[in-house]
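# Overview (structure and organization)
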Amino acid sequence: MLAPGEFRINPSILAADFANLAAAVGEVGSVTEWLHVDVMDGHFVPNLTIGPPVVASLRRHSNAFFDCHLMVTNPGALLAGFARAGANLVTVHAEIGGTADYVRAIRELGLSVGLALNPDTPFAVAEPFLEAIDLLLLMTVFPGFGGQPFIADVVPKIEAAHAAIEARGLAVTIEVDGGIDATTAAMTATAGARVFVAGEAIFGDPRPAAAVEMMRRSVAAALALLTVRPTDQGG
Ligand code: DX5
Ligand code: ZN
């Protein structure tokens, strides 16, 4: 869903002040186009957060691309509500099952489609859906809470997913989420990620916009290295 060479820093409002979300989205609105909304149901994950009414309210304060990450057992009941509220992309987790139906339902609502895998869910689970989705979210922490440490064991899965997507000539964008800061963003960019969700690293910083810029520079430097190819020494 991004052009070649493009990437996005994606601030997660989970780490923002929930009593002052309009200010939080305003702080990052001029430096990045995406906003990550973590939806938790107290069932798929042991935490409870945001639903369509909050997204609808945020929509009145932001023109950002709303990336809604549904950590819920039963998304079916919520999808139309998120579409009405102004979501642009809805991601469901593969672990809940019924992926084909949810992917179709999200598409029919006119939204971009994401599929998420927990750190211990193999890439093979997502492979049958690659033609049908826009974004593959590879969790780099177990979902439920912000501020957890990055799980480096996920990096080979990012590399494998990137290789498979390239080999099949697909336009699926890889997103990473959990423990992402300037360092881990660069590391996962090298592995193939192009959308970088960050909560604590952005809203835990006294200057969220500067934190976004620092991550952007770090990812750009990592991607620039990828384009440097060894010179062909052959005759
Ligand atoms: C975790 C959420 C993440 C969370 C990331 O369950 O899906 O989006 O906000 O937070 P950090 O960047 O603080 O690890
Ligand atoms: Zn998330």
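Scroll up a little and you will see the structure.
This report concerns the structure included in the present document.

Conventions we followed
Residues numbered from 1 in each chain as written. Chains lettered and ligands numbered in written order. Predicted model: local features only at pLDDT ≥ 70, side-chain atom pairs only at ≥ 80, totals over all residues. Heavy atoms only, no water. Helix = DSSP H or I, 4+ residues; strand = E, 2+ residues; numbered from the N terminus. Buried < 20%, exposed > 50% of the residue type's maximum accessible area, 1.4 Å probe, protein only. Contact = heavy atoms within 4.5 Å. Areas by Shrake-Rupley, 256 points an atom, 1.4 Å probe, with all protein chains shown as cover. Lys, Arg positive; Asp, Glu negative; His and termini not counted. Charge placed at Lys NZ, Arg CZ, Asp CG, Glu CD. Donors = N, O, S within 2.8 Å, 3.2 Å for Na, K, Ca; no water. Tetrahedral: all angles 85-135°; square planar, octahedral: opposite > 155°, others 65-115°. Near = heavy atom within 4 Å. Polar contact = N/O pair within 3.5 Å; in protein donor to acceptor, adjacent residues only side chain to side chain. Nonpolar A, V, L, I, M, F, W, Y, C, P; charged D, E, K, R; others polar. Pairing = 2+ DSSP bridges. Axes fitted to C-alpha atoms, helices over the stretch in contact; angles between N-to-C directions.

## Some points on the overall build of the protein chain
When you go through the protein chain residue by residue, the secondary structure sums to eight helices and eight strands. Projecting the C-alpha coordinates of the protein chain onto the three principal axes gives extents of approximately 65 × 40 × 30 Å. Each of the 235 residues in the protein chain was classed as buried or not, and the buried ones make up 51%. A separation of at least 24 residues holds for 64% of the contacts in the protein chain among residues at least 6 apart in sequence. Of the roughly 10,300 Å² of accessible surface on the protein chain, 55% is carried by carbon and sulfur atoms. In the protein chain, 13 side chains carry a positive charge and 24 a negative one; their mean positions are 6 Å apart.

## Here's the deal with the coordination of the zinc ion (ligand 2)
His36 (NE2), Asp38 (OD), His69 (ND1) and Asp177 (OD) make up the full set of protein donors to the zinc ion (ligand 2), lying at 2.0 to 2.3 Å. Classification of the site at the zinc ion (ligand 2) rests on its six donor atoms, whose angles at the metal span 70 to 169 degrees, yielding the label octahedral. On the primary sequence, the residues serving as donors to the zinc ion (ligand 2) are separated as H-x1-D-x30-H-x107-D. Placement of Asp38 in strand S2 (residues 34-40) and of His69 in strand S3 (residues 65-71) is noted, with a sequence separation of 31 residues between them. In this structure Asp38 comes out as buried when scored by relative accessible area, which is 5%.

## Overview of the site of ligand 1
Among the 20 residues in the neighbourhood of ligand 1, the closest are listed as Ser12, Asp38, Gly144, Asp177 and Gly199. Interatomic distance of 2.8 Å between a side-chain N/O atom of Ser12 and an oxygen atom of ligand 1. With the chains in place, 98% of the 380 Å² that ligand 1 exposes on its own is no longer accessible. For the shell around ligand 1, the secondary structure elements donating two or more residues are S2, S3 and strand S8 (195-198). At three residues, the largest contribution of residues to the shell around ligand 1 is made by S2. Here the residues of the shell around ligand 1 sort into eight nonpolar, nine polar and three charged.

## Concerning the sheet that holds strand S4 (residues 89-93)
The parallel open sheet is built from eight strands, whose spatial order is S1-S8-S7-S6-S5-S4-S3-S2. Among the strands making up the open sheet, the edge pair consists of strand S1 (8-11) and S2. The mean inter-strand angle of the sheet, taken between neighbouring strand axes irrespective of direction, is 25 degrees. In terms of strand pairing, strand S7 (residues 173-177) meets S8 through three bridges, oriented parallel. Considered in S8, the bridge of Glu175 is made with Val195. Packed on one face of the sheet, helix H8 (residues 208-227) meets S1 and S8 and runs near 150 degrees to S1.

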